[in-house]
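# An overview of the molecular structure
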Amino acid sequence: MDSNRLFLIRVQNNWKVENDEILDVNGREVRVVSFCDLETQTECRLATNAGKEIVDDEEIRETY
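Analysis parameters
Residues numbered from 1 in each chain as written. Predicted model: local features only at pLDDT ≥ 70, side-chain atom pairs only at ≥ 80, totals over all residues. Heavy atoms only, no water. Pairing = 2+ DSSP bridges. Helix = DSSP H or I, 4+ residues; strand = E, 2+ residues; numbered from the N terminus. Salt bridge = Lys/Arg side-chain N within 4 Å of Asp/Glu carboxyl O. Buried < 20%, exposed > 50% of the residue type's maximum accessible area, 1.4 Å probe, protein only.

Moving on: the pairing of strand β3 (residues 28-37). Alignment of strand β2 (residues 22-25) against β3, held across four bridges, turns out to be antiparallel. The partner of Asp-24 across the bridge, within β3, is Glu-29. Where β2 folds back onto β3 in an antiparallel hairpin, the turn is made up of two residues, including Asn-26, whose phi is positive at roughly 50°. Pairing analysis gives seven bridges linking β3 to strand β4 (residues 42-48), with the strands arranged antiparallel. Each bridged residue has a counterpart across the sheet, and for Arg-31 the counterpart in β4 is Thr-48. Hairpin connection, β3 to β4: the antiparallel pair is bridged by four residues, and Gln-41 has positive phi, about 55°.

Summed over the entire model, instances satisfying the criterion amount to two salt bridges. Residue Arg-31 is joined to Asp-57 by a salt bridge in which the shortest nitrogen-to-oxygen separation is 2.6 Å. Linking Arg-31 in strand β3 with Asp-57 in helix α1 (residues 57-63), this pair joins segments that are 26 residues apart in sequence. For the pair formed by Arg-31 and Asp-57, the shared burial category is buried. In this structure, Arg-61 and Glu-58 form a salt bridge, with 3.6 Å as the shortest nitrogen-oxygen distance. Here the residue Arg-61 and the residue Glu-58 both occupy positions in helix α1, the gap between them amounting to three residues, near one helical turn. Take Glu-58: its relative accessible area is 41%, and that puts it in the partly exposed class.

Spelled out as structure tokens, the structure:
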């Protein structure tokens, strides 16, 4: 996060975070995007520092 690069990581399902929740990580905003893979019926939650003005939720899903 110190190098000002964008990141996208998967969040473990046992974390207690909500969809579109904004977390403060070392003074920077990190948002959580959730979606369900209908084929495997698996919930997936992703964390990214890219704001919605840069990348919307659908682009996050497609990228992952």
